[in-house]
Amino acid sequence: MATHSAPDLNTKALPMGGYGNAAIVFGSVTPTSGALASVYRPVRIPAGMTVTGLKINNDDLDTGGTAFAVKIGYSPVSPADGPVGDDDYFSAGTTILSAANLTDLRFDPIKFEKDVYVDFTVTLAAATFTSGDIIAIVTGDATGVK
C-alpha cells in the first residue's frame, strides 16, 4: 500500500489570523440587456485570495428561451498590473441565466496576487431578456500577497 502526499503538503499550513483565513466576498449585478458580448461584473476578488469556490444565484433573465449563454472568467482591475485575464476560467459555457438557478461551479483553485473582477461574458444573446439579479459568492483562503 502506497502513501501519496501532495508536493506542497508541508508548506500549506501557513500562519493564520486569530479567526482563520477563510474568506467570502460577494456581490450582485442587475443587467439591463442580454446582448451578445455584454459583460456582467457582480464581484471583485481582492488580491491575496486563493479562490476555491464560486456560487452563482441568479434570476431568470431569459423568459422566452433556454439558450441564453455566458462564459465565466476573470479580468484584472488594473490591466497594466495584471494578471492576464481568462474569460472562461470558471466556466467555458453555461445557460444558467435562462432560468432561476443556484449553481456551484467546479474549477482548480486559483490564487490572485492582484485584484480581479469576476466576468460573465454573453456568448449567445437572450431570446426575451428580462432584467434580474446575478449574485456571485466567492469563497476561499485569504493568505495575502507575496
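No experiment lies behind these values; they were computed from the predicted model shown. (Residues numbered from 1 in each chain as written. Predicted model: local features only at pLDDT ≥ 70, side-chain atom pairs only at ≥ 80, totals over all residues. Heavy atoms only, no water.)

Peer 1: Help me understand the nonpolar core in this model?
Peer 2: In globular proteins that are soluble, nonpolar side chains generally tend to be buried together. Core analysis: the biggest nonpolar cluster contains 30 residues, and Val 51, Leu 54, Ile 72, Phe 90, Val 118 and Val 138 have the highest contact counts within it. Within the residue set of this core, elements represented by two or more residues are strand E1 (22-29), strand E2 (39-45), strand E3 (49-58), strand E4 (69-76), strand E7 (110-112), strand E8 (116-124) and strand E9 (134-142). In this structure, Phe 90 is in contact with Val 51, Leu 54, Ile 72, Gly 73, Tyr 74, Leu 105, Arg 106, Phe 107, Ile 110, Phe 112 and Val 118, ignoring residues within four places of it in sequence. (Core = buried A, V, L, I, M, F, W, Y, C linked by side-chain atoms within 4.5 Å. Buried < 20%, exposed > 50% of the residue type's maximum accessible area, 1.4 Å probe, protein only. Helix = DSSP H or I, 4+ residues; strand = E, 2+ residues; numbered from the N terminus. Contact = heavy atoms within 4.5 Å.)

Peer 1: Quick question: what am I supposed to make of the packing of aromatic side chains here?
Peer 2: How two aromatic rings sit relative to each other is given by the distance of their centres and the angle of their planes. Applying the stated criterion across every chain yields a total of 7 aromatic pairs. When the centroid spacing of 4.8 Å and the interplanar angle of 75° are considered together, the rings of Tyr 74 and Phe 112 count as edge-to-face. Of this pair, Tyr 74 sits in strand E4 while Phe 112 sits in strand E7, and the two are 38 residues apart along the sequence. Using a relative accessible area of 9% as the deciding quantity, one classes Tyr 74 as buried. What makes Phe 112 buried here is its relative accessible area of 2%. (Phe/Tyr/Trp six-rings, centres within 6.5 Å; stacked < 30°, edge-to-face > 60°.)

Peer 1: For this particular structure, what's the right way to read the side chain of Ser 38?
Peer 2: Here Ser 38 lies in the loop between E1 and E2. Since its relative accessible area comes to 16%, Ser 38 is described here as buried. A polar contact of 2.8 Å, which involves the side chain of Ser 38, links it to the backbone oxygen of Ala 35. Those residues in contact with Ser 38 that lie beyond four places of it in its chain are Ser 33, Phe 120, Thr 121 and Val 122. (Polar contact = N/O pair within 3.5 Å; in protein donor to acceptor, adjacent residues only side chain to side chain.)

Peer 1: What should I look at first to understand the pattern of salt bridges in this one?
Peer 2: If the charged atoms of two oppositely charged side chains come close together, the side chains can form a pair. One pass over the full model with this rule turns up 5 salt bridges. Of the charged contacts in the structure, one is a salt bridge between Asp 119 and Arg 41, with a shortest N-O distance of 2.7 Å. On the criterion of sequence distance, the pair formed by Asp 119 in strand E8 and Arg 41 in strand E2 is long-range, its members being 78 residues apart. For Asp 119, a relative accessible area of 7% corresponds to the buried category. The class of Arg 41 is partly exposed, set by a relative accessible area of 42%. (Salt bridge = Lys/Arg side-chain N within 4 Å of Asp/Glu carboxyl O.)

Peer 1: Just checking my understanding: could you explain the environment of Asp 133 for this structure?
Peer 2: Along the polypeptide, Asp 133 turns up in the loop between E8 and E9. Taking relative accessible area as the criterion, Asp 133 reaches 31% and is therefore assigned partly exposed. Leaving out residues up to four positions away in the same chain, Asp 133 has contacts with Ser 28, Val 29, Thr 30, Asn 57, Asn 58, Asp 59 and Leu 61. Within the structure, Asp 133 has its side chain in polar contact with the side chain of Thr 30 (distance 2.5 Å).

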